[in-house]
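# Coordinates in review
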Amino acid sequence: MPITTLGQASDMAAQRWGDRMALLIDVPRQTLTFRQIASQSRNLAAFLSEHGVNPGDAVAVMLPNVAEYPLTWLALARLGARIVPINKASRESDAAHILRHSRARLLITDRERAAAVERAAADHGVAMMLIEGDAFQNALQEDVDLQAEAPSGAGTIVSIQYTSGTTGFPKGCLLSNQYWLTLAGQLVNGSPFLSEEDIQLTAQPFSYLDPHWNFVASLLSGAALVVLDGFLPFSFGQIFGVHQATFFYCLGAMPTLLLAVPPSDFDRGHRVRQVRCSAIPAARHRELQERFGQPWTEASGTTEAGRVLAVDESDAPNYVGTGS
């Protein structure tokens, strides 16, 4: 039976890889198995349904990189509802725009961020829920027979992901089950061909696009996902060796920051077999590969379309340093 929803992907992963580690949050230290992700997301879906979340509802989430973030997303997807990620560092005006534009009914956040968005939520009639509450945390652990899971399919919208807003107000992109399964499936059925032998690592916030496809790729492949609290340009080997990561996606200034760290024996003290990067500095592409010891392949895309273009690993040697 083909997998058409995120809930199905999680349930399949629980059946295939059960008690293998699926997710490791570095700070604060949290680990979840594939079985725990499936059961806790079902439990949380039942809890949110009891609190009025219905199919088609938009629910904003403003959290740091904690396990509750992907669990909430998966729970909402099981209900046919939509997550609306808000950057944890957003100011009141930014959050207010997204809450208003998305027509969110509920905002899930933590105590540290609640004060920054409390007035914006109240102004737009958005209820607030804190993850530290006993009810929320107990819901993750309770073993329930979820009856509230909504009928949904490949085309059901499960995310409203907002663009960066560089030329105007951020725009909400409607992303479906099929979007995420296709985007993540590209990493399983194509280069880098993720499998249960792999460990992905991300240093980006869950409010951004990339950790979401990392998470779905883990559900489809059995690869573990390690989520850092942020990107710190220590030695490449120090970042990746401690977690035994095999695949990493980066962008922006990350490659240049890595090269700014003085060379050391740690540069090759890792298992990373491929780095995928958007906007590899052309003049330093070969230096990155030679110093750290694996292919760096280019990829680009957009929020609404996902990965549009990518250099396959087999073609990568022909494009080193070209900027293509």
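Placed above this text is the structure.
Since this is a predicted model, take the numbers as computed values, not measurements.

Moving on, we get to the overall build of the chain. A tally of helices and strands in the chain yields eleven helices and 14 strands. The globule rule puts the C-alpha radius of gyration for 324 residues at 20 Å, and the 20 Å found for the chain is close to it. Seen through its principal axes, the chain has C-alpha atoms that stretch 55 × 45 × 35 Å. Taking contacts inside the chain between residues at least 6 apart in sequence as the whole, the part at least 24 apart equals 68%. Total accessible area on the chain stands at roughly 14000 Å², and carbon and sulfur atoms take up 51% of it. Across the chain, the mean location of the 24 positive side-chain charges is 4 Å away from that of the 32 negative side-chain charges.

With that settled, the discussion passes to the packing of helix α3 (residues 68-78) against helix α6 (residues 134-141). Put simply, α3 and α6 touch, their axes get as near as 13 Å, and they point 70 degrees apart. With respect to α6, the axis of α3 lies roughly perpendicular. Contact with α3, carried on its side by E68, L71 and T72, involves F136, Q137 and L140 of α6 and no other residues of that element. Partitioned by chemical class, the residues of the contact of α3 with α6 number three nonpolar, two polar and one charged.

Time to look at the packing of helix α1 (residues 6-17) against helix α8 (residues 210-221). Interaxial distance between α1 and α8 falls to 8 Å at its minimum, and their mutual angle equals 45 degrees. Between α1 and α8, the angle is such that the two are oblique. α1 and α8 meet at a crossing whose hand is left-handed. Where α1 abuts α8, its residues L6, A9, S10, M12, A13 and W17 lie against V216, L219, L220 and S221. Looking at the contact of α1 with α8 residue by residue, the class counts come to eight nonpolar, two polar and no charged.

Counting buried positions along α3 yields eleven of eleven residues, so the element is predominantly enclosed. The complete set of buried residues in α3 reads E68, Y69, P70, L71, T72, W73, L74, A75, L76, A77 and R78. Backbone geometry just downstream of α3 places G80 in the positive-phi region, at approximately 75 degrees.

Below, the discussion takes up the environment of L6. Here L6 lies in helix α1. Given the relative accessible area of 2%, L6 is considered buried. Through-space distance from the C-alpha of L6 to that of E290 is 38 Å; in sequence the pair is 284 residues apart. Those residues in contact with L6, other than ones at most four positions away along the chain, are W73, L74, A77, V158, N177, W180, L181 and V216.

If you walk through the whole model with that rule in mind, you get three cavities of 30 Å³ or more. The calculated volume of the largest cavity comes to roughly 50 Å³. Contributing to the lining of the largest cavity are H285, W296, T297, E298, V311, A316, Y319, V320 and S324. The leading source of residues in the lining of the largest cavity is strand β13 (residues 296-302), at three residues. Its residues assigned to classes, the lining of the largest cavity shows five nonpolar, three polar and one charged. One number sums up the size of the second largest cavity: a volume of about 40 Å³. Lining the second largest cavity, in full, are I280, A282, H285, E298, Y319, T322, G323 and S324.

Cut-offs used in this document
- Here the residue index of a chain counts from 1 through its sequence in written order.
- Per-residue local features of the predicted model are confined to residues with pLDDT of at least 70, and side-chain atom pairs are confined, for both listing and counting, to 80 or more; whole-chain, interface and lining totals are unaffected and use all residues.
- For the side-chain quantities, the full set of heavy atoms in the structure was used; hydrogens and water were omitted.
- Only runs of H or I of at least four residues qualify as helices and only runs of E of at least two qualify as strands under DSSP, and these elements are numbered from the N terminus.
- Only C-alpha atoms enter the radius of gyration; for comparison, a globular chain is expected to reach 2.2 Å times N to the power 0.38, where N is the number of residues.
- It only takes one pair of heavy atoms within 4.5 Å for two residues to be counted as in contact.
- Each accessible area is a Shrake-Rupley estimate made with a 1.4 Å probe; only the visible protein chains count as cover when residues are assessed.
- Neither His nor the chain ends is counted toward charge; the positive residues are Lys and Arg and the negative residues Asp and Glu.
- A charge is said to be at NZ when it belongs to Lys, at CZ for Arg, at CG for Asp and at CD for Glu.
- Helix axes are fitted only over the stretch in contact, all axes being lines through C-alpha atoms; the angle between N-to-C directions runs from 0 to 180 degrees.
- Any angle between 65 and 115 degrees counts as roughly perpendicular, while under 35 counts as roughly parallel, over 145 as roughly antiparallel, and the rest as oblique.
- Classes in brief: Ala, Val, Leu, Ile, Met, Phe, Trp, Tyr, Cys and Pro nonpolar; Asp, Glu, Lys and Arg charged; the others, Gly included, polar.
- Crossings are sorted by hand: turned counterclockwise from the far helix by less than a right angle, the near helix makes the crossing left-handed, and turned clockwise it makes it right-handed.
- The buried label applies to any residue whose accessible area, calculated with a 1.4 Å probe on protein chains only, is under 20% of its type's maximum; exposed applies above 50%, and partly exposed to all values in between.
- Here a cavity denotes grid points, spaced 1 Å and computed from the protein atoms alone, that fit a 1.4 Å probe unable to get out, and a pocket denotes an open set having protein on both sides within 12 Å along at least 5 of 7 lines; residues with an atom within 4 Å of a point are the lining.
- Grid points are joined across faces, edges and corners, and a volume is the space filled by probe spheres set on the points.

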